Amino acid sequence: MLNEGGRDAAIMHDNNNNSEVAAFDEDDDDDRAGSDDEDTMERKRQKREILKSLADETIIDEEETVTETQFLQLTLDIPEKPLFKDDDGGLVIPQEPLVNVLRKFDGVSFSDVLAMHQQTTESKEDGTIVSKKRRYKLKTLPNYLILHLSRFKRNGFFVEKNPTIVMFPVKNFDLSSYVFPEGGRKEVPTEDQVRAMSTKELKKLLVDYGRGDVANNAIEKNELLQHCLDFVSTSLPDLLADKYDLVANITHDIPAEVGREGTKHNPLEEGSYRCHVQHKATGQWYEMQDLEVTETMPQLIGVSESYLLIFERKGAV
């Protein structure tokens, strides 16, 4: 569970169960050659019509359940894309925008309960076939958001890696369209509204957004009021906008052929990891691998084979 500055990360699961019901009658007529009379043939014709109508029509019973949980990180599934070779015989790595991968949490799209199967079914005692699907709605986001790009999967006895490059912005990553807060999105109070607040309300405003130290250190109300006015005009709009900046990135590098095309290499054993971190005071990005540290450009980070992304909410402390 992430709990930064008094803000909890919460997610809501919306399970949808579809029940497909079909009925079949046993055919106890004599099917031997020459045994059909007119009544038997008519009964068989009627049964064929009934079975055909049942095949054409599906009775669906929908049942929804809602589960609210907290999360440490969001796991995103990267779509499988074919690899092509260029004129020199090298592999062309496909690319996918991060906004497409985030559709799992748009509050509308349904995904399967088990990611390895397109449909998860179970047979009940009454013969009903139930199809279970799940969709996600994010109620709140933490000040530090961890996105895990699921690149590895087990195929039989082997581990395969999806080398698709997920492109993402390094600054001003807007996630407001993926958050569905209870009671609607909060608005920034005006200057007149802040000035009309009592001392208790001013302290609550700062505490609710992780500024409790400022609220407790203020002695006079005028000092507390000035802190609130500065906070409302500078930091609060960014906090309520759900915009994030990248602060760290972990990539996994390996030749695209390893773990694919029937090879028996394990990408987790033969690959290597690199880490990108930003020096906050200067804004300079650094790449670290083992004991080697070099400067790098943010433009290169957004097109790397990222495995773990760590974002910081704008305006957070």
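Worth saying up front: this structure is predicted, and the values here are computed from it rather than measured.

With that out of the way, let us pick up the overall build of the chain. Looking only at helices and strands, one finds nine helices and 21 strands in the chain. Considering the chain as a whole, with its 317 residues, one finds that 35% of them fall into the buried category. Summing over all exposed atoms, the chain offers an accessible surface of approximately 19500 Å²; the carbon and sulfur share of this is 50%.

It is worth spelling out the side chain of His-276 at this point. Within the element layout of this structure, His-276 appears in strand β18 (residues 272–278). Judged by its relative accessible area of 2%, His-276 falls in the buried class. Contacts of His-276, omitting those with residues within four sequence positions, involve Val-247, Ala-248, Asn-249, Thr-251, Trp-285, Tyr-286, Glu-287, Thr-296, Ile-301 and Ser-304.

Relative to β18, strand β17 (residues 243–253) runs antiparallel, the two sharing six bridges. Across the sheet, the residue bridging to Thr-251 is Arg-274, located in β18. Summarising the sheet, β18 and strand β19 (residues 285–289) pair through four bridges and their orientation is antiparallel. By the bridge assignment, His-276 is partnered in β19 with Glu-287. The antiparallel hairpin formed by β18 and β19 contains six residues in its connecting segment, where Gly-283 sits at a positive phi of about 80 degrees.

A rise of 1.5 Å per residue sets the reference length of helix α6 (residues 221–234), with its 14 residues, at 20 Å; its end C-alpha atoms lie 20 Å apart and thus fit the reference within 8%. Those residues of α6 not exposed but buried are Leu-224, Leu-225, Cys-228, Leu-229, Phe-231 and Val-232. Along the axis of α6, the buried residues cluster in a sector spanning 165 degrees; they form a single face. More than 90 degrees from the buried face of α6, the exposed residues found are Asn-222, Ser-233 and Thr-234.

Criteria and thresholds
- Every chain is numbered independently, its residues counted from 1 as its sequence is written.
- With the structure being a predicted model, the display of local features is reserved for residues of pLDDT at least 70 and the display and counting of side-chain atom pairs for 80 or more, all residues being used for whole-chain, interface and lining totals.
- Working from all heavy atoms in the structure, the side-chain values ignore hydrogens and water.
- Only DSSP runs of H or I covering at least 4 residues are called helices, and only runs of E covering at least 2 are called strands; the numbering of each starts at the N terminus.
- Working definition: with a 1.4 Å probe on protein chains only, accessible area under 20% of the residue-type maximum means buried, over 50% means exposed, and in between means partly exposed.
- Residue burial considers only the protein chains on display, and all accessible areas are found by Shrake-Rupley using a 1.4 Å probe.
- Every residue pair with non-hydrogen atoms within 4.5 Å of one another is taken to be in contact.
- Pairs of strands are assigned from DSSP output, requiring at least two bridges between the strands.
- A helix is expected to reach a length of 1.5 Å times the quantity of its residues less one.
- Throughout, the arc means the angular range of directions from the helix axis out to the C-beta atoms.

Geometric values such as these leave the question of function open.
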